[in-house]
Amino acid sequence: MANAAGLAAGYALDALIGDPRRGHPVAGFGTLAGALERRLYQPQRSAGVAYAALAVGVPVVLAGAAAAATRNRPLARAALVAAGTWTVLGGRTLRREAETMSRALRRADLPAARGRLGHLCGRDPSALDEAELARATVESVAENTSDAVVAPLVWGAVAGLPGLLGYRAANTLDAMVGHRSDRYARFGTAAARLDDLLNLVPSRLTGLLTVAAAPLVRGDRSRAWHVWRRDRADHPSPNAGQCEAAMAGALGVRLGGRNVYFGRAEVRPFLGDGPRPEARHISRAARLSGTVGLAALGVTVAYAASSRPRRAGLRWAVERLRAVR
């Protein structure tokens, strides 16, 4: 119950306050992870494994020690989980950035819109027009609804404070070294694979909740379900396609196409059947993201408050092990 209360309180703090403008703990972790990278970097996968193990393992161990120290102090445990949840969530900031982009595009202020895109994703905005800026924003909102909201809640419900901090550490490493480039092609593999693994369940939950919530933004649930089932595996990422396909179906737009990441281009399959996104679709995507986050909070708090799902999961795992033997 302490973990469940902490998740709810941390979510409320994020919804009311958002990310701190200065001294964000995740930014501090990124600085430390960058220093560790400079010491350990070699263009080898083994070096990347050591880097990911240290950068993720240390926060998990420290969080585990804090959780153990508050095992019999539910109020202190709830306060720790609330602080951790607030630290790792980014729902309010994500929606605020999306609305800022929407306003810039509605004013036809392309320089301002291009200047804001870096707050949402790593694409080169210099040659993007309104439709491509809107598409990039909608895709970022879809993917980050899982990465910045649903996934932290899921891992907080499953593993408490260690789950919260461990997930955010892994997700931050993926953003830092998990992309495809000459420097990180081998060194970043471990971080990228770990992030993929941790997001397998949250991304699919995000897709399902997006489909379910589609009518709240004037979307068609059956169309969203159809697009999600049909297109989710077409994306090169095993997880991003789950979120983007569901968002495309819910909004009735077509996502995907050619993306340029400062000298590196990728052509991705189209997701959805409708027109290209516009500024108005960004606002709908932001509202849908908020609804999905609230629904995910309900699911994860209910899970954290009950021991029955965990006991059932343990019995299932034991049965599978026995079957293998």
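Residues numbered from 1 in each chain as written. Predicted model: local features only at pLDDT ≥ 70, side-chain atom pairs only at ≥ 80, totals over all residues. Heavy atoms only, no water.

A closer look at the environment of V301
Move 1: Structurally, V301 can be placed in helix α12 (residues 279–305).
Move 2: Sequence spacing of V301 and A15 is 286 residues, and the spatial spacing of their C-alpha atoms is 16 Å.
Move 3: Apart from residues no more than four positions distant in its own chain, V301 is found in contact with A4, L7 and A8. (Helix = DSSP H or I, 4+ residues; strand = E, 2+ residues; numbered from the N terminus. Contact = heavy atoms within 4.5 Å.)

Points about the packing of helix α5 (residues 91–106) against helix α7 (residues 130–177)
Relative orientation and spacing of two packed helices are given, respectively, by the angle between their axes and the distance between those axes.
Move 1: The contact between α5 and α7 brings their axes to 10 Å, and the two run at 170 degrees. The angle between the axes of α5 and α7 places the two elements in the roughly antiparallel class. Across the interface between the two elements, G91, L94, A98, M101 and L105 from α5 touch E130, L133, A134, T137, S140, V141, N144, T145, A148 and V149 from α7. (Axes fitted to C-alpha atoms, helices over the stretch in contact; angles between N-to-C directions. Parallel < 35°, antiparallel > 145°, perpendicular 65-115°, else oblique.)

What about the side chain of N239?
Move 1: Examined against the element boundaries, N239 turns out to sit in the loop between α10 (221–231) and α11 (240–251).
Move 2: At 3.0 Å, the side chain of N239 forms a polar contact with the backbone oxygen of D196.
Move 3: Those residues within four positions of N239 in sequence are excluded, and the remaining contacts are D195, D196, N199, L200, S203 and R204. (Polar contact = N/O pair within 3.5 Å; in protein donor to acceptor, adjacent residues only side chain to side chain.)

Examining helix α2 (residues 25–40)
Move 1: Taking 1.5 Å per residue as the helical rise, α2 with its 16 residues ought to reach 22 Å, and the 22 Å between its terminal C-alpha atoms agrees with that figure.
Move 2: When we look at burial in α2, the residues that qualify are V26, F29, G30, A33, G34 and E37. Seen end-on, α2 carries its buried residues on one side only, within an arc spanning 145 degrees. Relative to its buried face, α2 has exposed residues pointing more than 90 degrees away, namely T31, L32, R38 and R39. (Expected span 1.5 Å × (residues − 1). Buried < 20%, exposed > 50% of the residue type's maximum accessible area, 1.4 Å probe, protein only. Arc of directions from axis to C-beta.)

Quick notes on the UniProt feature "transmembrane region" (unreviewed entry) in the protein
Move 1: Here, the residues flagged by UniProt with the feature "transmembrane region" (unreviewed entry) are residues 48–69.
Move 2: Structurally, residues 48–69 comprises 100% helix and 0% strand, and the distance from its first C-alpha atom to its last is 32 Å. (UniProt positions renumbered as here; feature names shortened; annotations may be inferred.)

Observations concerning unusual backbone geometry
Move 1: Unusually for a residue other than glycine, A108 sits at a positive phi of about 60 degrees.
Move 2: Summarising the element assignment, A108 is placed in the loop between α5 and α6 (110–117).
Move 3: Even without glycine at this site, R218 takes up a positive phi of about 65 degrees.
Move 4: Following the sequence through the fold, R218 ends up in the loop between α9 (200–213) and α10.

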